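# Structure assessment
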Amino acid sequence: MSTSETSAAETTWRSWLSEHAAGGVLDGVVVQQLPFGAFVEVAPGIQGLLVTDRGAAPEVGARLSVRIEQIDVERRRFSLVTE
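Residues numbered from 1 in each chain as written. Predicted model: local features only at pLDDT ≥ 70, side-chain atom pairs only at ≥ 80, totals over all residues. Heavy atoms only, no water.

## A word on the sheet that holds strand β2 (residues 37-43)
To keep it simple, the criterion reads: By this definition, two strands are paired if DSSP reports at least two bridges between them. Each helix corresponds to a stretch of at least 4 residues labelled H or I by DSSP, and each strand to a stretch of at least 2 residues labelled E; elements are numbered beginning at the N terminus. The axes are straight lines fitted to the C-alpha atoms, using for helices just the contacting stretch, and the angles between their N-to-C directions are given from 0 to 180°.
The 5 strands lie next to each other as β1-β2-β3-β5-β4, forming a closed barrel whose pairing is mixed. Each strand axis lies, on average, 50 degrees off the axis of its neighbour in the sheet, ignoring direction. Of the strand pairs in this sheet, β2 and strand β3 (residues 46-51) are connected by 6 bridges, and their pairing is antiparallel. Across the sheet, A43 pairs through a bridge with I46, a residue of β3.

Below, the structure written as structure tokens:
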């Protein structure tokens with residue numbers, strides 16, 4: 001990733017973070033399934049991890065309403081739960 005791409009990603013993250021907090025409810029789209037959950041895109045370039053029971057991850061492309069469970073600002077990560 002180039003410096004300009006890194007700066008743009010950081011700006012996108014900071015902007016999103018200034019508008020959202022733990023407990024907030026968002027709509028998102030599943031972009032990747034994992035054995036333990038799925039990544040859900042809640043804004044362009046912003047994805048959070050939805051942890052689910054084994055084998056219960058929603059299909060890629062599924063639209064979901066999710067709640068922000070926890071945000072790790074330093075690691076630029078956040079976890080989600082279904083609403």
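The structure having been displayed, the exposition proceeds.
## Quick word on unusual backbone geometry
Put simply, the rule reads: Remark: exposure states derive from per-residue accessible area (1.4 Å probe, protein chains only) relative to the maximum for the residue type, with buried under 20%, exposed over 50%, and partly exposed in between.
The backbone of R76 sits at a positive phi, close to 55 degrees, despite the residue not being glycine. Residue placement: R76 occurs in the loop between β4 (63-72) and β5 (77-82). Judged by its relative accessible area of 37%, R76 is partly exposed.

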